[in-house]
Amino acid sequence: MTIVKQMRLFDIHELMEMESSRRFDAILATFDLQPIFQLFRKKTMYGAPRELNYGAMVQSLVIRIVERIPTVKDLVKRLKYDILFRLDCGFLLSDFIPSEASYSRMVNVISDSDAFVQMNDRVIQAAFTEGFLNDAHLTEDATHFEARDAAKPTEKKEKTPKKRGRKSKAEREAWLLEQAEIEANQSTYEKKMETQLTVPTATLLQDMPIEPKWGVKKNSDGKNTFWFGYKAHLAVSTKSQYIVAGVMSSANLSDSKAAIPLLKKVADVLPNQFTTVILDKGYDYEPIYRQILNQGMNPVIPYVKRRESELLGFDEHFRPTCVREHSYCYDSFDKKYQSLKFTRPKECGTCPLRDDSLCQKVFKIKCKTDIRKYTYPARGSDLWKQLYKERSAVERVNAYLKEYFQLDNVRHRSGKKAKLHFQMVMFSYNACKLAADRVNAQLQNQQSAA
């Protein structure tokens, strides 16, 4: 019997083990620096000439993340003493080696723009065009990282004694006017989540709070852990594991309030590409279901009961039950009428009440009855469980960003520059992913030709 030797897939780990010159060339070939050049283009022919190679400086910042060089000071030192590394970053022998202050000024200019967001969108569209991003399922989640800023002490608010008893008519009218004024002055993310459905994507991304704040979450032991900093919200394709869209927010922003902006951003980058969105139970809110359905996708989100009594005639997955409380079996989904079909349970075959008028053969429930309870695929079905397992893709990407792409190593103060750090980390990951996919496709073509 002949033995067929299969080639091992080329991934990011093997990309990191390549020779540095080949690795850098593969990564830098995945993106175009035109959005950066637009920021530093001279508007007039007068004035001092540009003496710095801004393209090479940006490329060196990306390589700093990939090579895990901790600080810009170490990057400048290596550029100064390692001539091969300098050439690999794109500097010429005649170029000046930029100082730390030059990097700081450049970062300050780039942080006022969305250049890296544009570059990341182009990388994602290139991966889609070349056939590396052909997933139909998308998953979202958030991960935390700490700020370099020092935490500010919280101001103690003086407690004003509340007047007991019912308000008079005049006091109630004054209170209602005060509440209406407070709601009118609230920011986009202080209002209810329903308001995000009608707000444009650009406004949602612009109004995102990015200043460092205190955040809290429960760890695996069920205990609260606190950090001062930010949250990275990612939308990841489950199969290819590209970061299709990502936003950074303050640590105190709820994960669910960043879901709709992410979904709208995904629709702008790759419209009509994904069919299913997989989220954890922290995103179980009706506006999120509404946005997913508006984009023509199906939600896979665990249901969270909120002060709800037991629903008679239905099981824990909201499937109808018979007289003897056996759950009906999910059969199919009618796309035209958006309804779920449930058939008799298996136990009905030997049940003495199978011919009774109380026992119904088929149930059809429209999804619009309750978009949280009735989704396609139906809750509790094998397909639903299989799809929910794909949510672990975003967890792996979170680990990649922290362990290999220095998401935790924020070297800048203020939320504006920390946002740029997050965008560079996300962009560097996608660039490495595209470079690894291109090398893998090239190796497979060579194997098939041989």
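Okay, so let's go over this structure. Treat the numbers as computed from the prediction; the structure is a model and nothing was measured.

Reading the values: rules and limits
- Residues numbered from 1 in each chain as written.
- Predicted model: local features only at pLDDT ≥ 70, side-chain atom pairs only at ≥ 80, totals over all residues.
- Heavy atoms only, no water.
- Helix = DSSP H or I, 4+ residues; strand = E, 2+ residues; numbered from the N terminus.
- Buried < 20%, exposed > 50% of the residue type's maximum accessible area, 1.4 Å probe, protein only.
- Contact = heavy atoms within 4.5 Å.
- 1 Å grid on protein atoms, 1.4 Å probe; cavity = no way out; pocket = protein on both sides within 12 Å on 5 of 7 lines; lining within 4 Å.
- Points joined across faces, edges and corners; volume = space filled by probe spheres on them.
- Nonpolar A, V, L, I, M, F, W, Y, C, P; charged D, E, K, R; others polar.
- Phe/Tyr/Trp six-rings, centres within 6.5 Å; stacked < 30°, edge-to-face > 60°.
- Core = buried A, V, L, I, M, F, W, Y, C linked by side-chain atoms within 4.5 Å.
- Pairing = 2+ DSSP bridges.
- Salt bridge = Lys/Arg side-chain N within 4 Å of Asp/Glu carboxyl O.

## Looking at the side chain of serine 111
Along the chain, serine 111 turns up in the loop between helix 7 (100-110) and helix 8 (115-129). By relative accessible area, serine 111 is classed as buried at 11%. Residue contacts for serine 111: discarding those within four places in its chain leaves Lys416, Lys417 and Leu420.

## Here's the deal with empty space enclosed by the protein
The final tally for this structure, using the stated rule, is 2 cavities of 30 Å³ or more. Considering the residues around the largest cavity, the lining is formed by Leu61, Arg64, Ile65, Val72, Val107, Arg411, His412, Leu420, His421 and Met424. Taken together, the elements giving at least two residues each to the lining of the largest cavity come down to helix 4 (54-67) and helix 15 (415-449). Of the residues assigned to the lining of the largest cavity, the class counts are 6 nonpolar, 2 polar and 2 charged.

## Re the packing of aromatic side chains
Evaluated as defined, the whole model comprises 15 aromatic pairs. Measuring from centroid to centroid gives 6.2 Å for phenylalanine 24 and phenylalanine 85, while their planes differ by 80°, and the two rings are edge-to-face. Placement of the pair is phenylalanine 24 in helix 2 (residues 20-28) and phenylalanine 85 in helix 6 (residues 83-88), with a sequence separation of 61 residues. Of the two residues examined, phenylalanine 24 and phenylalanine 85, each falls in the buried class.

## Side note on the nonpolar core
Ile36, Tyr103, Met106, Phe116 and Leu401 are the most contacted members of the largest nonpolar core, which has 101 residues in total. With 13 residues, the single largest contributor to this core is helix 15. Of all hydrophobic cores here, the second largest spans 13 residues; its members include Tyr328, Phe333, Ile365 and Cys367.

## Topic: the pairing of strand 1 (residues 137-146)
Among the 10 residues that make up strand 1, 8 are buried, leaving the element largely enclosed by the rest of the structure. One ladder, built from 3 bridges, connects strand 1 with strand 5 (residues 276-278); its direction is parallel. Considered in strand 5, the bridge of threonine 139 is made with isoleucine 278. One ladder, built from 9 bridges, connects strand 1 with strand 3 (residues 224-237); its direction is antiparallel. Directly across from threonine 143, in strand 3, lies its bridge partner alanine 232.

## Overview of the pattern of salt bridges
Counting across every chain of the model gives 15 salt bridges. A salt bridge links arginine 78 to glutamate 67; the nearest nitrogen and oxygen atoms lie 3.9 Å apart. In this pair, arginine 78 is assigned in helix 5 (residues 72-81) and glutamate 67 in helix 4, connecting sequence segments 11 residues apart. We note a salt bridge from aspartate 112 to lysine 416, for which the minimum N-O separation is 2.9 Å. Of the two residues, aspartate 112 sits in the loop between helix 7 and helix 8 while lysine 416 sits in helix 15, which places them 304 residues apart along the sequence. A residue is classified by how much of its surface remains accessible, and aspartate 112, at 55% relative accessible area, is exposed.

These results come straight from atomic positions and should not be treated as a statement about function.
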